[in-house]
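So the chains spell out like this:
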Amino acid sequence: MSPRILECKTQVAAVRRLTAEILEVDLSMLEPAEFPFEAGQWVSVPLGPKTVRAYTIASTPASRSQITLCADVTPGGIGSRWFRALAPGQVVEFKGPTGGFVFTRADPRRPLFVAEEIGIVPIHSILWDLYQTGFGRPATLIYWCRGPSWLAYDAEFRLLSRRYPPFEYVPVVRDPVGSWQGEKGEAPDLVERTVPSVQGLIAYVSGGGEMIKKVREVLMAKGMERKAVKWEKFW
């Protein structure tokens, strides 16, 4: 059963810049004292009488007294300006948790995760939650960004792949720079090249609508059922 939706009051404990335009904020729970949620869910933050923005939880459900939100502030709109201005001690109210982009542990199929830029946030929560709680089964993450500097959680996923060998991490960028030695191109193309069979596979795809559509088409062309592609659209 999904956790019930709560009206919450929190206080900013810390703010971190992961990349030039991607920020994380830690929120300590005030009311209620604990916030139960499922990995992959999000919260709604009221920014005005008729203005609400959704932010995905980057932390895992293991921590209920403090959660971490992550956002790309590049768009520069009201939500970006609000997130960029957050500072320790500030009170933040939100409603949640919301969202059905969650992993079903009882599903025996091998998961393939595909993320585009800020769409990595729910998958970050899901993967750390899985492997920190004894999942142990193979899983693959294809993490696409326009360039290496946008791979906000690159170091974390490299650590995860070393700590849990059944987890395969495949970062891919459109514009490699410097000493980049990884995959180059677009996420759907990499799925086409690196997924030889969809038998026994389930996909979790998160990012822009166009990428989701193309990845789904690639997987369905290989024989995957449409309902076996779970997705979370960020734009």
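Here is a short report on the structure shown in this document. (Residues numbered from 1 in each chain as written. Predicted model: local features only at pLDDT ≥ 70, side-chain atom pairs only at ≥ 80, totals over all residues. Heavy atoms only, no water.)

A look at the pairing of strand β2 (residues 22-31)
Residues in a regular strand point their side chains to alternate faces of the sheet.
Then comes step 1: The buried count for β2 comes to seven of ten residues, which makes it a mostly enclosed element.
Then comes step 2: Two elements, strand β1 (residues 6-17) and β2, share eight bridges in a ladder whose sense is antiparallel. Considered in β2, the bridge of arginine 17 is made with leucine 23.
Then comes step 3: Connecting the antiparallel pair β1 and β2 is a turn made up of four residues.
Then comes step 4: Across seven bridges, β2 lies against strand β5 (residues 66-72) in antiparallel orientation. From the neighbouring strand, serine 28 faces β5, where its bridge partner is glutamine 66. (Buried < 20%, exposed > 50% of the residue type's maximum accessible area, 1.4 Å probe, protein only. Helix = DSSP H or I, 4+ residues; strand = E, 2+ residues; numbered from the N terminus. Pairing = 2+ DSSP bridges.)

Concerning the layout of surface pockets
Where empty space is left can be seen by rolling a probe of water-molecule size over the atoms.
Then comes step 1: Its boundaries defined by the atoms lining it, the largest pocket holds a volume of some 600 Å³.
Then comes step 2: Lining the largest pocket are 22 residues, and of these Ala54, Tyr55, Asp72, Ile118 and Phe234 sit closest to its centre.
Then comes step 3: Elements with a minimum of two residues in the lining of the largest pocket: β4 (51-57), β5, α1 (78-84) and β12 (229-233).
Then comes step 4: Among the elements that line the lining of the largest pocket, the one with the most residues is β4, at four residues.
Then comes step 5: Of the residues in the lining of the largest pocket, the class split is eleven nonpolar, five polar and six charged.
Then comes step 6: Empty space within the second largest pocket amounts to approximately 190 Å³. (1 Å grid on protein atoms, 1.4 Å probe; cavity = no way out; pocket = protein on both sides within 12 Å on 5 of 7 lines; lining within 4 Å. Points joined across faces, edges and corners; volume = space filled by probe spheres on them. Nonpolar A, V, L, I, M, F, W, Y, C, P; charged D, E, K, R; others polar.)

As for helix α2 (residues 120-132)
An α-helical segment advances 3.6 residues per turn. Residues three or four places apart therefore align on the same side.
Then comes step 1: Along its 13 residues, α2 runs 18 Å from first to last C-alpha, staying within 8% of the 18 Å computed at 1.5 Å per residue.
Then comes step 2: Summarising burial for α2: twelve of the 13 residues are buried, a large majority.
Then comes step 3: Turning to α2, its buried residues number three or more, namely Ile120, Val121, Pro122, Ile123, His124, Ser125, Ile126, Leu127, Trp128, Asp129, Leu130 and Tyr131.
Then comes step 4: Glycine 134, located one to two residues past α2, shows a positive phi value of around 85°. (Expected span 1.5 Å × (residues − 1).)

So, helix α4 (residues 187-194)
Then comes step 1: Buried within α4 are the following residues: Ala187, Pro188, Leu190 and Val191. The buried residues of α4 occupy one face: seen down the axis, they fall within an arc of 160°.
Then comes step 2: Tucked into the core, α4 has its buried residues touching β7 (110-116), β8 (139-145), β9 (167-173), β10 (183-184) and α5 (209-221). (Arc of directions from axis to C-beta. Contact = heavy atoms within 4.5 Å.)

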